[in-house]
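# Observations on chain architecture
Spelled out from the first residue to the last, the chains are:
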Amino acid sequence: MEAPQALTFRFDPSATPVAASERAARLVDPGFGRVFTDHMALIRYSDDKGWHDAQITARAPLSVDPAASVLHYAQEIFEGMKAYRLADGGTALFRPEANARRFQDSARRMAMPELPEKLFLESVERLVEIERDWIPEQDGGALYLRPFMFASEVFLGVKPSAEYLYMVIASSVGAYFKGGAPAVSIWVSQGYTRAAPGGTGAAKCGGNYAASLLAQKEAIANGCDQVVFLDAVERRWVEELGGMNVFFVFDDGSLVTPPLTGTILPGITRDSILTIARAQGLTVREEPYAIDQWRADAASGRLVEAFACGTAAVVTPIGSVAEPAGRFTIGSGGPGQLTTRLREQLVAIQRGQAPDPHGWMRRLG
Ligand code: PLP
Ligand code: COI
């Protein structure tokens, strides 16, 4: 189906929005992904009609046919992005065009229709404009947007669905890690890999996360917060965490992050950190980094910091790494200097507290 006719979003306000006092109570300590707003955006797609029926409506459960193909063959993709309250009282999204493009890339990989960037942006912006009051006031608070799309055709044959539902829900969030986690501990997945060459590792599809859960469970059983995956071929190269990219900081002030070779998600936070670091003259290399090297560099002191990054987790220091053979600590085991500085610089741009030299903030009217 070709690019659509311009779509107008119909707005059906919720008849039972949460009262302001109740909303304020829910925003005191929202955590991550538990508090949802009153409305959702929705656009339907079918092979014969293209994109149609755009609406913002009261958030409500869906009625899904038991034979809807997503329930059987998992054609589903999603995005994660945040709307921020700015220092001057305005509201802005951070690099939503990058999310729109990645959503298209994910769709292509999963044989799904590509939502035009304009519709993606409009759906998110309209929802945020309506739900502005759900952005928590406190430090670190944001409105997390979750655009997603799934196969809704009622058919059990294995083929790309002929019908899809695209939706956006919004969740008021604070820190992703409980208590703001000054540094997280990481378990190196031994038996499980996340993505193989030619697979879906670079797509943001639900199946990647389903496949990561057993390894994450193993991480928790081993007393760690998160799991890190090694490459599927040599079981040697560090790839990424279940939901975050990873960076290494060396004693000469340089940074390394694994390259985008198709098996890791091209994180927008990753790209932003690369840009911020390069703009201040830091040496940043996108190159493979082996687990044996990680262990050796932590022991020798050549590696001074490591951090994970993503929309939900922002920039989170990695304090220690565990394997069956033992555990090693990185630097002091707490937040390192460069990690802290890069986090502060990124957050200052996102909150409108620093200039935005790269044009990343998209202000809402
Ligand atoms: N890697 C994975 C597997 C993720 O799920 C995410 C989160 O979206 C990231 C990396 C970081 O991506 P971004 O910075 O765009 O949120
Ligand atoms: C994000 O950071 O947006 C993610 O998608 C990570 C996780 C919540 C799935």
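Residues numbered from 1 in each chain as written. Chains lettered and ligands numbered in written order. Predicted model: local features only at pLDDT ≥ 70, side-chain atom pairs only at ≥ 80, totals over all residues. Heavy atoms only, no water.

As annotated in an unreviewed UniProt entry, the protein carries the name Branched-chain-amino-acid aminotransferase and is attributed to Sphingomonas parapaucimobilis NBRC 15100. According to UniProt, the comment filed for the protein under the heading Cofactor (unreviewed entry) is "pyridoxal 5'-phosphate". (UniProt positions renumbered as here; feature names shortened; annotations may be inferred.)

### Some thoughts on the site of ligand 2
Ligand 2 sits among F32, F78, G80, Y144, Y176, K204, Y209, G243, T311 and A312. Contact between ligand 2 and Y144: an oxygen atom at 2.6 Å from a side-chain N or O atom of the residue. A distance of 3.4 Å separates an oxygen atom of ligand 2 from a polar backbone atom of T311. Here ligand 2 has 280 Å² of accessible area as a free molecule, and 87% of this is covered by the chains. The residue inventory of the shell around ligand 2, partitioned by class, reads six nonpolar, three polar and one charged. (Near = heavy atom within 4 Å. Polar contact = N/O pair within 3.5 Å; in protein donor to acceptor, adjacent residues only side chain to side chain. Areas by Shrake-Rupley, 256 points an atom, 1.4 Å probe, with all protein chains shown as cover. Nonpolar A, V, L, I, M, F, W, Y, C, P; charged D, E, K, R; others polar.)

### Topic: unusual backbone geometry
Backbone geometry at A74 places phi at a positive 60°, although glycine is not the residue there. Mapping A74 onto the fold places it in the loop between α2 (70-73) and β5 (76-78). (Helix = DSSP H or I, 4+ residues; strand = E, 2+ residues; numbered from the N terminus.)

### Brief notes about the packing of aromatic side chains
Summed over the entire model, instances satisfying the criterion amount to 16 aromatic pairs. Ring centres of F103 and Y166 lie 5.6 Å apart, and the angle between their planes is 65°; on these two criteria the pair is classed as edge-to-face. In this pair, F103 is assigned in helix α3 (residues 96-109) and Y166 in strand β9 (residues 163-173), connecting sequence segments 63 residues apart. Pair check on accessibility: F103 and Y166 agree, each one buried. An aromatic cluster is present here, built from F248, F250, Y289, W294 and F328 joined pairwise through their rings. The side chain of R23 reaches across the aromatic face of W134, ending 5.7 Å from its centre. The ring of F36 carries the charged tip of R59 above its face, separated from the ring centre by 4.4 Å. (Phe/Tyr/Trp six-rings, centres within 6.5 Å; stacked < 30°, edge-to-face > 60°. Buried < 20%, exposed > 50% of the residue type's maximum accessible area, 1.4 Å probe, protein only. Lys NZ or Arg CZ within 6 Å of the ring centre and 35° of its normal.)

### A word on the UniProt feature "modified residue: N6-(pyridoxal phosphate)lysine" (unreviewed entry) in the protein
As recorded in UniProt, the feature "modified residue: N6-(pyridoxal phosphate)lysine" (unreviewed entry) lies at K204. Within the secondary structure, K204 sits in the loop between β10 (184-188) and α5 (206-221). Ignoring anything within four residues of it in the chain, the contact list for K204 reads E76, I77, F78, E79, G80, R102, S106, Y209 and L265. (Contact = heavy atoms within 4.5 Å.)

### What to know about the site of ligand 1
Inspection of the region around ligand 1 gives 16 residues, with R102, Y209, E240, T269 and T311 positioned closest. Residue K204 places a side-chain N or O atom 2.7 Å away from an oxygen atom belonging to ligand 1. Separating a nitrogen atom of ligand 1 from a side-chain N or O atom of E240 is a distance of 2.5 Å. Protein contacts shield 97% of the accessible area of ligand 1, which totals 380 Å² for the unbound molecule. Residue assignment for the shell around ligand 1 shows that the elements contributing at least two residues are α6 (268-279) and β16 (303-310).

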